[in-house]
Amino acid sequence: MSSKLPHPIPYQGSKRKLASLIHPLLPAKIDTFYEPFAGSAAMTLYAAHHGLARRFIIGDCLEAIIDLWQAIVETPERAASRYAEVWSGQREDNPEYFNVVRERYNGEHDPVDLLYLICRCVKNAVRFNSAGRFTQSVDKRRLGMSPEKMASAIAGASYLLKGKTEFRKGDWLLTSVDARSEDFVYMDPPYLGTTVGPDKRYRQQLEQDALIAGLVSLNQRGIRFALSYDGMTGGKEYGPPLPEHLGMTRLLLHAGRSSQATLQGKDHETIESLYLSGNLQAPERRVLGQQRDLQQALVF
Ligand SMILES: C[S@@+](CC[C@H](N)C(=O)[O-])C[C@H]1O[C@@H](n2cnc3c(N)ncnc32)[C@H](O)[C@@H]1O
C-alpha cells in the first residue's frame, strides 16, 4: 500500500517503509497531525492518504525544504515543470552540472534546485557545512528521478495535502507550540548516533537535553505523540534509551535491511525505536503477535 503513495522527495531517513507499522499505534481520532521534523514528510503523506487527520502541519528547520513542500502542494504544475527544466539541463558527459546547480542553490536557496540536488546526490543524503552550504556530492551512477515520475509524485502529494496543510519553518518546539490534546505530534529528529562534528559528544548531550525538555512540556500539556529515535543495526545500539521519567513506552520496529550494511556486504537488520507518549495505549506483546501489521514489532 505505502509503495503506491506519492513520494516526491527521496530523502535518506524517510519513514516511508515504517509508516504502515506505525499506523496501528496511532490514536483513532486526530484533529491536526503535526510533523515538526518533516524532511520528506512520509508519515504525513501516509496519514493524509488514510484519512487519519483533518489537517496537517509540516515543519522543519531546513527552510528550503519547507519552501519546497509549499511549492509541491500549492503550485504543483509549476514545481514539476521547473524540476523538468533543471533535470533536463544535465548530460551524462557533464558531471559539473550538479556542481553548478549546487552553487546556485547555495546562493539563492531555490527549493526546486534543492529537490534536484536531493535526487542526484550520494545516497539521497543532504549534507550541509557549518555555514549552511549544501556540500554533498553527485552520485555519478544515476540521473535522479525522471521528470515524468516526479510530476506524478508531485501531483499525488498535492492532491493529498492541498487545502488542509500548513507549513512552518524553524525549530520543532515552535512548530508544535499550539498542539492540543486532540492533536497528534509525530517526531523523527536526527538520531544521536548520526550527529556529526568535532564536538560530537557535547553537541549530542545538548541536543538530547533540549529534546527531553521539549517532551516534558508536551507531557505537561497532555499532547499525544510518537517519537522515532535511535535503534540498532547488527546488535550495535546507536544511543541509550530516553529517560523513564518521560513515561513513554519504547517499541522496537524492524525497519528491514540497513542499506549501509548491505553496501558493506553485511546482512544486518535495522531495528528502530519508537517511543509512544504515556497517554497513548501501548500494544501488548500478546496483541502484537496476533495483528498482521505488527507481527514484527516487539515491546521492549
Ligand atoms: C531524520 S529527518 C526526518 C525524516 C522524515 N521522517 C522523513 O520521512 O523524511 C530529520 C529532519 O529534522 C530536521 N531537523 C533537525 N533538527 C531540527 C529541529 N531542531 N527542529 C526542526 N527540524 C529539525 C532536519 O532538517 C531533517 O529534515
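Remember, predicted model here, so these are calculated numbers, not experimental data.

Thresholds applied
- Residues numbered from 1 in each chain as written.
- Predicted model: local features only at pLDDT ≥ 70, side-chain atom pairs only at ≥ 80, totals over all residues.
- Helix = DSSP H or I, 4+ residues; strand = E, 2+ residues; numbered from the N terminus.
- Contact = placed C-beta atoms within 7 Å.
- Near = placed C-beta within 6 Å.
- Nonpolar A, V, L, I, M, F, W, Y, C, P; charged D, E, K, R; others polar.
- Buried ≥ 20, exposed ≤ 12 C-beta atoms within 10 Å, placed from the backbone.
- Axes fitted to C-alpha atoms, helices over the stretch in contact; angles between N-to-C directions.
- Parallel < 35°, antiparallel > 145°, perpendicular 65-115°, else oblique.
- Left-handed = near helix turned anticlockwise from the far one by under 90°.
- pLDDT = per-residue confidence, 0-100.
- Core = buried A, V, L, I, M, F, W, Y, C linked by C-beta atoms within 7 Å.
- Domains from an automatic or database assignment.
- Pairing = 2+ DSSP bridges.
- Expected span 1.5 Å × (residues − 1).
- Arc of directions from axis to C-beta.

J.: Talk me through the overall build of the protein chain; I want residue IDs and the actual numbers.
T.: A tally of regular secondary structure across the protein chain gives 11 helices and nine strands. For the protein chain, the share of sequence-separated contacts (at least 6 apart) that also reach a separation of at least 24 residues comes to 68%.

J.: Lay out the site of the ligand in plain terms, naming residues and giving numbers.
T.: Near the ligand lie 17 residues; those nearest to it are Phe 37, Gly 39, Ser 40, Ala 42 and Asp 188. Here the shell around the ligand is composed, by residue class, of nine nonpolar, four polar and four charged.

J.: Explain the environment of Leu 252 residue by residue, including any values.
T.: Of note, Leu 252 is situated in strand 7 (residues 249-257). As a C-alpha pair, Leu 252 and Gly 231 span 21 residues in sequence and 7.7 Å in three-dimensional space.

J.: Describe the environment of Trp 69, with residues and values.
T.: Looking at the secondary structure, you find Trp 69 in helix 3 (residues 63-74). For Trp 69, a count of 26 C-beta atoms within 10 Å gives the class buried. Separated by 98 residues in the primary sequence, Trp 69 and Phe 167 place their C-alpha atoms 7.7 Å from one another. Each residue touching Trp 69, except ones within four places of it in the same chain, is listed here: Ala 41, Ile 58 and Phe 167.

J.: Lay out the packing of helix 4 (residues 76-88) against helix 7 (residues 147-161) with the relevant residues and their values.
T.: Where helix 4 contacts helix 7, the two axes come as close as 9 Å, and the packing angle between them is 160°. Here helix 4 lies roughly antiparallel to helix 7, going by the angle between them. Once helix 4 is placed against helix 7, the crossing between them reads as right-handed. Across the interface between the two elements, Pro 76, Ala 79, Ala 80, Tyr 83, Ala 84, Trp 87 and Ser 88 from helix 4 touch Pro 147, Met 150, Ala 151, Ile 154, Ala 155 and Ser 158 from helix 7. Counted by class, the contact of helix 4 with helix 7 contains 11 nonpolar, two polar and no charged residues.

J.: Before we move on, can you summarise the confidence of the model for the protein chain with the specific residues and values?
T.: Reading fine detail from the predicted coordinates is not recommended where pLDDT is low. On average, residues of the protein chain score 86 in pLDDT, and 82% of them reach the 70 mark or higher. For residues 286-297, every residue scores under 50 in pLDDT, and the model assigns this stretch 16 contacts once sequence neighbours within four places are set aside.

J.: So what's going on with the nonpolar core? Which residues, and what values?
T.: By size, the foremost hydrophobic cluster in this structure holds 75 residues, and its most contacted members are Leu 68, Trp 69, Tyr 83, Leu 115, Tyr 116 and Val 185. When residues in this core are grouped by element, the largest group, eight residues, is from helix 3. Counting only domains with at least three residues in this core, you end up with domain 1 (1-17 + 38-51 + 62-176) and domain 2 (189-299). Ignoring any residue separated from it by four or fewer positions in sequence, one finds Leu 115 in contact with Ile 9, Leu 68 and Tyr 83.

J.: Go over the packing of helix 2 (residues 42-49) against helix 7 with me, naming the residues and quoting the values.
T.: Taken N-terminus to C-terminus, the directions of helix 2 and helix 7 make an angle of 65°; their axes are 9 Å apart at the nearest point. With respect to the hand of their crossing, helix 2 and helix 7 are arranged in left-handed fashion. Across the interface between the two elements, Leu 45, Ala 48 and His 49 from helix 2 touch Ala 157, Leu 160 and Leu 161 from helix 7.

J.: I'd like a description of helix 2, backed by residues and values.
T.: Across the eight residues of helix 2, seven count as buried, placing the element largely inside the fold. Among the residues of helix 2, those classed as buried are Ala 42, Met 43, Thr 44, Leu 45, Tyr 46, Ala 47 and Ala 48. On the buried face of helix 2, the contacting elements are helix 1 (19-22), strand 1 (30-35), strand 2 (53-60), helix 7 and strand 4 (184-187).

J.: Before we move on, could you go through the pairing of strand 4 and cite the residues and values that matter?
T.: Residues Phe 184 and Tyr 186 line one face of strand 4 and the alternating positions Val 185 and Met 187 line the opposite face, and both faces are buried. Note: strand 1 against strand 4, two bridges, orientation parallel. The residue bridging Phe 33 from the neighbouring strand is Phe 184, located in strand 4.

J.: Now, about unusual backbone geometry: what can you tell me, with residues and values included?
T.: Of note, the phi angle at Ala 41 is positive, near 55°, even though the residue is not glycine. Looking at where Ala 41 falls in the secondary structure, it is placed in the loop between strand 1 and helix 2. Here Asn 124, not a glycine, exhibits a phi torsion of approximately 50°, which is positive. Within the fold, Asn 124 resides in the loop between helix 6 (111-120) and helix 7. For Asn 124, a count of 20 C-beta atoms within 10 Å translates into the label buried.

J.: Talk me through helix 7; I want residue IDs and the actual numbers.
T.: Taking 1.5 Å per residue as the helical rise, helix 7 with its 15 residues ought to reach 21 Å, and the 21 Å between its terminal C-alpha atoms agrees with that figure. For helix 7, the full list of buried residues reads Met 150, Ala 153, Ile 154, Ala 157, Ser 158, Leu 160 and Leu 161. Viewed along the axis of helix 7, the buried residues span an arc of 160°, placing them on a single side of the element. Close packing links the buried residues of helix 7 with helix 2, strand 2, helix 3, helix 4 and strand 3 (165-169). Trailing helix 7 by a residue or two, Gly 163 shows a phi angle of about 85°, which is positive.

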